[in-house]
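So you can see what is in the structure, the chains are spelled out below.
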Amino acid sequence: MRLTHIELPSSDVAACVAFFRDVLQLRATGHTVHAGWTDIAVVPATRISEGAVHLAFNVPHARFAAACEWIAGRALLLRDPLGEGRFHIGAPWDSESVYFAGPHDAVFELIARKPLAMGGAASGAFHGSEIACVSEVGLPTDDVPALVRNLVVRFGILPFGDITDVFAPMGSHDGLLIVVDQHRHWFPELRQRPDAEGLRIRMTGVPPHARPLDANGCHLTTADLNVAATL
């Protein structure tokens, strides 16, 4: 599964686009930012957010150290309560992550997944053009098991590794919906409450039997059949 288009609400569209363009060095066309195969369309928010959006960006595993140095000089890094700022996750993730603050207190992440064969510069300074895609979007809910069942039955999206009643990654290395309890604060600071209301997400690689579902104000669309869903 791939996340090919994300509509991201913002209370300051120009400033949000400027963050992606100037801080993350991503190409922008009007109010749409291009992060590899993912387009992020920044749109005016219709309400004041009461939580934080989570997005993760895939970078080449061999370039993780360079990416950490790059983002440390451009954005506010987020650390866990022990002061750690870089994180290794074992199988099935087999990845390295660094987190940083995005617009409107968003929790952004650069993640380098070892199982993915990704190109990139062999050496030298990292550049935002090496970002391959948005590979994760956080989806808070008041009933994680119910949303997991709906994603499996209606969309054919399967769990990625172990899941619990408060945290369930769904999808693959290329694209994950991070289903979390709405009261579970985002890692690593454990401070920001999750929010995704108003997000619109378009996916590819979803089976054709996908059917819509309703909960919590986030909209999913399968690009293959243009089937809309409200989560």
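So, how was this worked out
Residues numbered from 1 in each chain as written. Predicted model: local features only at pLDDT ≥ 70, side-chain atom pairs only at ≥ 80, totals over all residues. Heavy atoms only, no water. Helix = DSSP H or I, 4+ residues; strand = E, 2+ residues; numbered from the N terminus. Rg over C-alpha atoms; globule rule 2.2 N^0.38 Å. Buried < 20%, exposed > 50% of the residue type's maximum accessible area, 1.4 Å probe, protein only. Contact = heavy atoms within 4.5 Å. Areas by Shrake-Rupley, 256 points an atom, 1.4 Å probe, with all protein chains shown as cover. Lys, Arg positive; Asp, Glu negative; His and termini not counted. Charge placed at Lys NZ, Arg CZ, Asp CG, Glu CD. Expected span 1.5 Å × (residues − 1). Polar contact = N/O pair within 3.5 Å; in protein donor to acceptor, adjacent residues only side chain to side chain. Phe/Tyr/Trp six-rings, centres within 6.5 Å; stacked < 30°, edge-to-face > 60°. Core = buried A, V, L, I, M, F, W, Y, C linked by side-chain atoms within 4.5 Å. Pairing = 2+ DSSP bridges.

Caption draft 1: Quick peek at the overall build of the chain. The secondary structure content of the chain amounts to three helices and 15 strands. Compactness check: the chain gives a C-alpha radius of gyration of 16 Å against a globular reference of 17 Å for 231 residues, within 12% of the reference. Dimensions of the chain, computed from C-alpha atoms along their principal axes, come out at roughly 45 × 40 × 35 Å. The 231 residues of the chain split such that 50% are buried. Taking contacts inside the chain between residues at least 6 apart in sequence as the whole, the part at least 24 apart equals 62%. Carbon together with sulfur atoms contributes 53% to the accessible area of the chain, which is approximately 10200 Å² in total. Mean positive and mean negative side-chain charge positions of the chain (18 and 25 charges, respectively) differ by 4 Å.

Caption draft 2: Quick look at helix H3 (residues 144–155). Along its twelve residues, H3 runs 16 Å from first to last C-alpha, staying within 8% of the 16 Å computed at 1.5 Å per residue. Of the positions making up H3, those classed as buried are Val144, Ala146, Leu147, Val148, Leu151 and Phe155. At the N-terminal boundary of H3, the capping side chain belongs to Asp143, with an oxygen 3.1 Å from the backbone nitrogen of Ala146. Where H3 ends, the next residue or the one after it, Gly156, has phi of about 70 degrees, a positive value.

Caption draft 3: Fine view of the packing of aromatic side chains. Counting across every chain of the model gives ten aromatic pairs. Arranged with centres 6.2 Å apart and planes meeting at 65 degrees, the rings of Phe19 and Phe108 form a pair that is edge-to-face. Of this pair, Phe19 sits in helix H1 (residues 13–23) while Phe108 sits in strand E9 (residues 107–113), and the two are 89 residues apart along the sequence. You can call Phe108 buried: its relative accessible area is 1%. Measuring from centroid to centroid gives 5.8 Å for Phe100 and Phe108, while their planes differ by 80 degrees, and the two rings are edge-to-face. The pair formed by Phe100 and Phe108 is uniform in burial state, with each residue classed as buried.

Caption draft 4: Here's a closer look at the environment of Ile89. Among the structural elements, Ile89 can be located in strand E7 (residues 86–89). A residue is classified by how much of its surface remains accessible, and Ile89, at 29% relative accessible area, is partly exposed. Spatially, the C-alpha atom of Ile89 lies 9.5 Å from that of Arg113, the residues being 24 residues apart in sequence. When sequence neighbours within four positions are dropped, the list of residues in contact with Ile89 reads Asp94 and Ser95.

Caption draft 5: Structural view of the nonpolar core. Phe20, Leu24, Phe57, Leu110 and Met203 are the most contacted members of the largest nonpolar core, which has 55 residues in total. Ala52, Ile111, Phe160 and Leu176 belong to the second-largest nonpolar core, a separate cluster that totals 14 residues.

Caption draft 6: H1, seen in detail. If you check which residues of H1 are buried, you get Val13, Cys16, Val17, Ala18, Phe19, Phe20 and Val23. One or two residues past the end of H1 sits Gln25, with phi positive at roughly 60 degrees.

Caption draft 7: Broad picture of the pairing of E7. Taken together, the four bridges between E7 and strand E8 (residues 95–101) define a ladder with antiparallel strand orientation. Paired with His88 across the two strands is Glu96, which belongs to E8. In sequence, E7 turns back onto E8 through a hairpin of five residues, with Asp94 there showing a positive phi of about 50 degrees.

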